[in-house]
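Listed here are the chains, written in short residue letters.
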Amino acid sequence: MATKRGEAEVQSGALADADLAEALPWYRLMLIARRFEDEAERAFRRGKIGGYLHLYSGQEAVAAGFLAVLRPDDIFFTAYRDHAHAIFRGTPAGAVMAELFGRQTGVVKGKGGSMHIFDVGRGFYGGYGIVGGHIPLATGAAYALRYQGTDRICLCFLGDGAMNSGSFHEPVNMAGLWGREGMCPIVYIVENNRYAMGTAVERSTAVTDLASKFGIHGIPHERLDGQDFLEVRRAARRITAQVRETGRPYAVEAITYRFVAHGAADLFQPYRTKEEVEAWKARDPILLLERALRAAGLLDDGQVEALRREAQEVVAAAVRYAEESPEPPPEELTRDVYAP
Ligand SMILES: Cc1ncc(C[n+]2csc(CCOP(=O)(O)OP(=O)(O)O)c2C)c(N)n1
């Protein structure tokens, strides 16, 4: 008996180690994504990036935790904080940066900009600037995946503010209905960063338990700590396996925080205090994962330093690539553009 328990302990310990070791590449990617956002903001201030620029700093563990378990043939949609999602999925940082710079070598040939990063070959169906606009598209795409007889699934990342739009309630109701027949393999992932631009959640919705709003449409749901990569990935494994098997939708509300302003152009943030931002920075998702990896003996000072340096180099090369890439020629303006 004692031996058996001992073996089980050794086994579960080994499993936990393997699990943590698999998190190491995600620590690296999160460092690259954070550095990418810092450099994009600098480029914006230098006038290199036009239009809008919404950064993801602080929220990385949500997308990373889910994309870590997504199969290569699965698909996902998100709103306009979309650079890190692409980087996590393997889109070269240079192609993402070139898109921000409006260059021909960008992921959508410089025509989308920051809010419209797409990489369909890697299952990334965008990048949308209209709040809530992608929720009907993602829901329909999930239906199509099942209709075609596959076991592929769809993730739909959305903001807390998007939940107050009509384009949330209609498709989510349909997902609940289609789900009864096992025809809607989608995971809705609400990234509750507490604000829609300058409006706090409690000022825009009567029911602040956002996950529960999926319940009225018959969709099971849960809340999780969006700063903890390991927790998000653990939940994501269980949830995506269930959705793939049943074809039924599931919803998650990840509690998270953006460390930066709503958009790079908004410097004034009177809706929140410095103390609030600092308190959340103490739970920086990169720091939390770094601590867990250090505690397990998988990271030390030297490796952290080397990974940080590598992230700097990867992003510096991305900026160089964007700067040296050509502008799209005038005839590109109307190519691949659909106007009804
Ligand atoms: C249909 C529509 N209404 C208003 C806007 C202006 N707008 C841009 S971002 C935003 C807030 C959205 O907040 P949330 O969904 O919580 O996403 P977050 O910025 O927190 O990631 C608003 C109202 C828009 N882009 N589209």
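Relevant structure appears above.
Note that the structure is predicted; figures quoted are calculated from it, not measured.

S.K.: How would you explain the side chain of Asn193 if you had to name every residue and give the values?
M.R.: Within the secondary structure layout, Asn193 lies in the loop between strand E3 (186-192) and strand E4 (195-196). Each residue touching Asn193, except ones within four places of it in the same chain, is listed here: Gln59, Arg81, Asp160, Thr256, Tyr257 and Arg258.

S.K.: Go over the site of the ligand, please, and point to the residues and values.
M.R.: Near the ligand, the surroundings consist of 14 residues, among which Tyr80, Arg81, Gly161, Asn193 and Tyr195 are the closest. With respect to the ligand, the backbone of Gly129 contributes an N or O atom lying 3.0 Å from a nitrogen atom. Its free accessible area being 590 Å², the ligand has 68% of it covered by the protein chains. Across the shell around the ligand, the residue classes tally to seven nonpolar, five polar and two charged.

S.K.: I'd like a description of the packing of helix H2 (residues 24-45) against helix H5 (residues 93-100), backed by residues and values.
M.R.: Here H2 crosses H5 at 25°, and the two axes come no closer than 11 Å. When the axis of H2 is compared with that of H5, the two are roughly parallel. Regarding H2 and H5, the two cross each other, and that crossing is right-handed. Here Phe36, Glu39 and Ala40 of H2 come into contact with H5, specifically with Ala93, Val96, Met97 and Leu100. Each residue belonging to the contact of H2 with H5 can be placed in one class, and the counts come to six nonpolar, no polar and one charged.

S.K.: Which residues make up unusual backbone geometry, and what values do they have?
M.R.: One non-glycine residue with positive phi stands out, namely Met197, at about 50°. Tracing the chain through its elements places Met197 in the loop between E4 and strand E5 (199-200). Accessibility expressed as a relative area gives 52% for Met197, which makes it exposed. Residues other than glycine seldom take positive phi values, yet Asp336 does so here, at roughly 65°. Relative to the elements of secondary structure, Asp336 occurs in the segment after helix H12 (301-324).

S.K.: Run through the packing of aromatic side chains, naming residues and quoting values.
M.R.: Under the defined criterion, the tally for this structure stands at 14 aromatic pairs. Grouped by ring-pair contacts, the aromatic residues Phe77, Phe118, Tyr125 and Tyr128 constitute a single cluster. Positioned over the ring face of Tyr195 is Arg194, at 5.5 Å from the centre of the ring.

S.K.: Account for the environment of Arg28, naming residues and giving values.
M.R.: Following the sequence through the fold, Arg28 ends up in helix H2. Expressed as a C-alpha distance, the spacing of Arg28 and Leu307, which sit 279 residues apart in the sequence, is 6.4 Å. Arg28 has contacts with Leu307 and Glu310, leaving out every residue within four places of it along the chain.

S.K.: Residues and numbers for the environment of Leu230, please.
M.R.: Tracing the sequence through the fold places Leu230 in helix H9 (residues 229-246). Each C-alpha atom of the pair Leu230 and Ser167 lies 31 Å from the other, and the pair is 63 residues apart in sequence. Beyond its immediate stretch of four places on either side in the chain, Leu230 contacts Leu20, Ala23, Leu289 and Ala292.

S.K.: Can you break down the sheet that holds strand E7 (residues 250-255) residue by residue, with the values?
M.R.: Within a sheet, each strand pairs with its neighbour through backbone hydrogen bonds, oriented either parallel or antiparallel. Spatially, five strands are ordered E1-E2-E3-E7-E6 in an open sheet, and the strand pairing comes out parallel. On the outer flanks of this sheet lie strand E1 (75-77) and strand E6 (221-225), each paired with one strand and no other. If you compare each strand with its neighbour and ignore which way they point, the axes differ by 20° on average. Those strands touched by H9 are strand E2 (154-159), E3, E6 and E7, and its axis lies near 160° from that of E6.

S.K.: Residue-level account of helix H7 (residues 166-180), with values.
M.R.: Compared with the 21 Å implied by 1.5 Å per residue over 15 residues, the 22 Å span of H7 between its first and last C-alpha is a close match. Of the residues making up H7, those classed as buried are Phe168, Pro171, Val172, Ala175, Gly176 and Gly179. Along H7, the residues classed as buried sweep out an arc of 150° about the axis, all on the same side. Seen from the buried face of H7, the exposed residues on the opposite side, beyond 90 degrees, are Glu170 and Arg180. Taken together, the buried residues of H7 touch helix H6 (134-147), E2 and E3. Residue Gly182 follows H7 closely and has a positive phi angle near 70°.

Calculation notes
In this numbering scheme, every chain counts its residues from 1 along its sequence in written order. In keeping with the model being predicted, local features are shown solely for residues with a pLDDT of at least 70 and side-chain atom pairs are shown and tallied solely at 80 or more, while totals for entire chains, interfaces and linings include all residues. Remark: hydrogens and water are excluded; side-chain values derive from all non-hydrogen atoms of the structure. Strands are runs of DSSP state E lasting at least two residues, helices are runs of H or I lasting at least four, and both sets are numbered from the N terminus onward. The contact criterion used throughout is that any non-hydrogen atoms of two residues lie within 4.5 Å. Proximity is defined per residue: any heavy atom of the residue falling within 4 Å of a molecule or strand makes that residue near it. We define a polar contact as two N or O atoms separated by no more than 3.5 Å, with the added condition that, inside protein, one atom must be a possible hydrogen donor and the other a possible acceptor, whereas residues neighbouring each other in sequence contribute only through side-chain atom pairs. Accessible areas in this description were obtained via Shrake-Rupley with a 1.4 Å probe; residue shielding takes into account the shown protein chains only. The classification used treats Ala, Val, Leu, Ile, Met, Phe, Trp, Tyr, Cys and Pro as nonpolar, Asp, Glu, Lys and Arg as charged, and all other residues, Gly among them, as polar. Lines fitted to C-alpha atoms define the axes, with helix axes restricted to the stretch in contact, and inter-axis angles between N-to-C directions lie between 0 and 180 degrees. We call two directions roughly parallel when the angle between them is under 35 degrees, roughly antiparallel when it is over 145, roughly perpendicular when it lies between 65 and 115, and oblique otherwise. Here is the rule for handedness: rotate from the far helix to the near one, and if that takes an anticlockwise turn smaller than a right angle the crossing is left-handed, while a clockwise turn gives right-handed. Categorising residues by exposure relies on relative accessible area from a 1.4 Å probe, with only protein chains included: less than 20% of the type maximum marks a residue as buried, more than 50% marks it as exposed, and the intermediate range marks it as partly exposed. For this analysis, a ring pair means two rings from Phe, Tyr or Trp (six-membered ring only for Trp) whose centres lie within 6.5 Å, classed as stacked if their planes differ by under 30 degrees, edge-to-face if by over 60, and tilted for the remaining angles. Any Lys NZ or Arg CZ found within 6 Å of a ring centre and within 35 degrees of that ring's normal is scored as a charge over the ring. Only when DSSP finds a minimum of two bridges between them are two strands counted as paired. Here, expected helix span is obtained from the residue count minus one, scaled by 1.5 Å. Each direction from the helix axis to a C-beta atom contributes to the arc, which is the arc of those directions.

Scope: geometric values only; no functional claims are made or implied.
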